[in-house]
Amino acid sequence: MQSNNDNLNQELINFLRQDELDYPAGATRFGASALPLLQELMKSNDENLATKAAYLAGFIKDDSVEHILTEAAANKFPTVRIAAAFGAKKLKPASASAVLKKIMDDNDTGVLKMGMRAVQDLKIADQFKVRLKKISTAHQDDIIRQSAGKLIKNK
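Residues numbered from 1 in each chain as written. Predicted model: local features only at pLDDT ≥ 70, side-chain atom pairs only at ≥ 80, totals over all residues. Heavy atoms only, no water.

J.: Where do I start with the overall build of the chain in this structure?
T.: Helices and strands together make up the secondary structure of the chain, namely 10 helices and zero strands. Tracing the chain from N to C terminus, the helices and strands come up as α-α-α-α-α-α-α-α-α-α. Its C-alpha atoms give the chain a radius of gyration of 16 Å, within 12% of the compact-globule value 15 Å for 155 residues. Judged by the C-alpha coordinates and their principal axes, the chain covers about 55 × 25 × 20 Å. Taken over 155 residues, the chain has a buried fraction of 47%. The long-range fraction of contacts in the chain, counting pairs at least 24 apart against all pairs at least 6 apart in sequence, stands at 62%. (Helix = DSSP H or I, 4+ residues; strand = E, 2+ residues; numbered from the N terminus. Rg over C-alpha atoms; globule rule 2.2 N^0.38 Å. Buried < 20%, exposed > 50% of the residue type's maximum accessible area, 1.4 Å probe, protein only. Contact = heavy atoms within 4.5 Å.)

This is the structure in structure tokens:
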């Protein structure tokens, strides 16, 4: 039985090491049973593997994904945090809020951009009004400031 699990883990790692991934197909293929390994891979020092693991986790439908993406939202690699923000868009608004609380406090431009896109897509700008106002007046990036301002107006 253990070797079957090892085979599946190796198959998942091989899947993630591909150049171009079909994340929806991977989510269907590996499912929720892959989440513990994906969570471990997100903690690795291999930024590429950690990022792909976070993206794949975002495509899997399971209650634990919110916790995993919230953890990914605090990752040392901005690309993993971007993947967490992207994954948040696939969650229900209430679940996404926990992930996006960390994302919206991030100062990385790419992370914030994806976080604001998720906030906009989920129509939850009201929950981030104070943070968006601060971003719209104080962020160093013009586009980020303007996007935050629009989100406040369009909520």
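J.: Would you mind showing me how to read the pattern of salt bridges here?
T.: Any two side chains of opposite charge can pair, so long as their charged atoms come close to each other. With the rule as written, the count across this model stands at eight salt bridges. Notably, a salt bridge pairs Glu11 with Arg29, separated by 2.2 Å at the nearest N-O pair. Of the two residues, Glu11 is situated in helix H1 (residues 2–16) and Arg29 in helix H2 (residues 23–30); the sequence distance between them amounts to 18 residues. Asp121 is paired through a salt bridge with Lys89; the nearest N and O atoms lie 3.4 Å apart. Here Asp121, found in helix H8 (residues 109–121), pairs with Lys89, found in the loop between helix H6 (78–88) and helix H7 (93–104); they are 32 residues apart in sequence, far enough to count as distant. Take Asp121: its relative accessible area is 42%, and that puts it in the partly exposed class. According to the relative accessible area criterion, Lys89 is partly exposed, its value standing at 24%. (Salt bridge = Lys/Arg side-chain N within 4 Å of Asp/Glu carboxyl O.)

J.: Before we go on, may I ask you to explain unusual backbone geometry in this structure?
T.: Phi is mostly negative for residues that are not glycine, and the peptide bonds are mostly trans. The backbone of Lys123 shows a phi angle near 55 degrees, a positive value even though the residue is not glycine. Turning to its location among the elements, Lys123 is positioned in the loop between H8 and helix H9 (129–138). Classification of Lys123 by relative accessible area gives exposed; the value is 73%.

J.: For this particular structure, what's the right way to read H7?
T.: Two residues of an α-helix separated by three or four positions point the same way, owing to the 3.6 residues in each turn. Turning to H7, its buried residues are Ala96, Ser97, Val99, Leu100, Ile103 and Met104. Packed against the buried residues of H7 are helix H5 (65–72), H6, H8 and H9.

J.: Honestly, the packing of H9 against helix H10 (residues 142–154) in this entry has me stumped. Any pointers?
T.: Angle between the axes and distance between the axes: these two values describe a pair of packed helices. Contact geometry of H9 with H10 gives a least axis separation of 7 Å together with a crossing angle of 145 degrees. As for how H9 packs across H10, the hand of that crossing is left-handed. Contacts from Lys129, Leu132, Lys133, Ile135, Ser136, Thr137 and Ala138 in H9 reach Ile144, Arg145, Ala148, Gly149, Leu151 and Ile152 in H10. Classifying every residue of the contact of H9 with H10 by side-chain character gives seven nonpolar, three polar and three charged. (Axes fitted to C-alpha atoms, helices over the stretch in contact; angles between N-to-C directions. Left-handed = near helix turned anticlockwise from the far one by under 90°. Nonpolar A, V, L, I, M, F, W, Y, C, P; charged D, E, K, R; others polar.)

J.: Just to check I follow, could you spell out the nonpolar core for this structure?
T.: Within the largest apolar cluster, 55 residues are counted, with the highest numbers of intra-cluster contacts made by Leu16, Leu38, Leu56 and Leu100. Tallying contributions element by element places helix H4 (residues 47–59) first for this core, with seven residues. (Core = buried A, V, L, I, M, F, W, Y, C linked by side-chain atoms within 4.5 Å.)

J.: What's the story with the packing of H7 against H8 in this structure? I'm lost.
T.: Running from amino to carboxyl end, H7 crosses H8 at an angle of 145 degrees, the nearest separation of the two axes being 9 Å. Crossing hand, H7 versus H8: left-handed. Across the interface between the two elements, Leu100, Ile103 and Met104 of H7 pack against Val111, Leu112, Gly115, Met116, Ala118 and Val119 of H8. Class assignment of the residues belonging to the contact of H7 with H8 gives a composition of eight nonpolar, one polar and no charged.

Purely geometric numbers; function is a separate question.
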